[in-house]
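Read off the chains here:
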Amino acid sequence: MPALLVAPALAGSLSLRQWETVIVQARKSRLLGRLHHIIERHGLSGQVPDRVWDHLVSADRLVVEQHRSLSHEIRQILEALKTVQARIVVLKGGAYVLRGLDAGCGRTFSDIDILVPREKLGEVEARLMLNGWVSQHRDAYDQRYYRKWMHEIPPMSHIRRGTTLDIHHALTPLTSRIRADSDAMLAAAEPLANHDRLMVLSPQDMVLHSATHLFLESEFHSGLRDLVDLHALITEFRHCVPDFDQSVLSRAREVGLERPLVLAFNYLIRILSLDVSASIASELEHVLKGKPYQALLDGLFVRALSPQHESAMDAFTPASLFLLYIRGHWLRMPMHLLVAHLGYKAIMKLTKKADNDGNEETVR
């Protein structure tokens, strides 16, 4: 399926059995709407069997509805925050859609992410609560975990509309081993056309945030989709930003995100066949060559960034995902916090399972 996303001409050569595999992999990867967009943009819908096209059209209708809901929800958020004097930056999928980027075409998302200055966080949260938003996490440990160590407060949901909002005050966790200069990235944010108070990250910072979000991650349900986002962003920005590869590499050094950017380019080449400039190729050679753990990391990420469906998994995939789960947490917090956090989560999971088992016994 990944090959079809970057070489849609393959659509005409697929059998029905192969299309069946493509559809289930794309749905599992949250890329069904994106696949519809790519095939339609290249004028290849006539090469897709009718029963397959029905799945893609259905996915596109969901995308259209989500994008319409996004516009409405953004208006509600801005109304709630109208008295807050601060930059409000939309992140990730919402930003791609609102800015009209190709990465937003066919893109679905389960929540809206915004970035605000940390000193305005309390005011932002209070205004949202007065307008019907409530925290999704009531557990005291989870509240402390987010507020003391993370780069965002606990997710909020609206009591009537049910939409989810993630409010960031930084772009990497406060305890992370890889720390972004979030203040510099917030300061460089650009106004969004047709929105007098809403902003998005600069092209370079948008790519860096996407790469950092992916390669600090501990779970990869949407890993391939996030890699496809990066492919679309880089491809588009190369056409409108002079010498984009060099500028994003320079920016990565300025804000402390060179490592995630290098990893992003490495797997964009391996998985989605992205062409890179000489400057990026040289940086990959310098950073990755000769590192004893890189071959292991490649084996882990190639599996994690494949569709998380049995048709694309092998015997080593579960172990790869587990090791990357540990890696993601290790990157986000020091060892003493990591041990305590994972221990607490394991105990809570066992407790919840025991409670559920007990309830089942009562029912019987």
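Look up a bit, the structure's there.
Residues numbered from 1 in each chain as written. Predicted model: local features only at pLDDT ≥ 70, side-chain atom pairs only at ≥ 80, totals over all residues. Heavy atoms only, no water.

This brings us to empty space enclosed by the protein. Taken as a whole and judged by the stated rule, the model has two cavities of 30 Å³ or more. In this structure, the largest cavity encloses a volume near 50 Å³. Considering the residues around the largest cavity, the lining is formed by Arg30, Leu31, Arg34, Ala103, Gly106, Arg107, Thr108, Arg225, Val228 and Asp229. For the lining of the largest cavity, the element with the highest residue contribution is helix H10 (residues 223-240), accounting for three residues. Of the residues belonging to the lining of the largest cavity, the class tally is three nonpolar, two polar and five charged. Empty space within the second largest cavity amounts to approximately 40 Å³. If you go around the second largest cavity, the residues you meet are Val90, Leu91, Lys92, Ala95, Tyr96, Leu201, Met206, His209 and Ser210. Those elements that place two or more of their residues in the lining of the second largest cavity are strand S1 (88-91), helix H5 (92-98) and helix H9 (203-215). Looking at the lining of the second largest cavity, its residues break down into six nonpolar, two polar and one charged. (1 Å grid on protein atoms, 1.4 Å probe; cavity = no way out; pocket = protein on both sides within 12 Å on 5 of 7 lines; lining within 4 Å. Points joined across faces, edges and corners; volume = space filled by probe spheres on them. Helix = DSSP H or I, 4+ residues; strand = E, 2+ residues; numbered from the N terminus. Nonpolar A, V, L, I, M, F, W, Y, C, P; charged D, E, K, R; others polar.)

Glancing now at the side chain of Ser320. In this fold, Ser320 is placed in helix H15 (residues 317-332). When its relative accessible area of 4% is taken as the criterion, Ser320 is described as buried. The contacts of Ser320, once residues within four sequence positions are left out, are Gly299, Leu300 and Arg303. (Buried < 20%, exposed > 50% of the residue type's maximum accessible area, 1.4 Å probe, protein only. Contact = heavy atoms within 4.5 Å.)

Moving on to the pairing of strand S5 (residues 164-168). In terms of burial, S5 is a largely internal element, five of the five residues being buried. Side chains of S5 alternate between two faces, with Thr164, Asp166 and His168 and Leu165 and Ile167 buried alike. Inspection of the sheet shows strand S2 (residues 112-115) paired to S5 by four bridges, in the parallel sense. Looking at the pairing, Asp113 lines up with Asp166 of S5. Inspection of the sheet shows strand S4 (residues 156-158) paired to S5 by two bridges, in the antiparallel sense. Among the inter-strand pairings, Met156 is bridged to a residue of S5, identified as Leu165. Hairpin connection, S4 to S5: the antiparallel pair is bridged by five residues, and Gly162 has positive phi, about 75°. (Pairing = 2+ DSSP bridges.)

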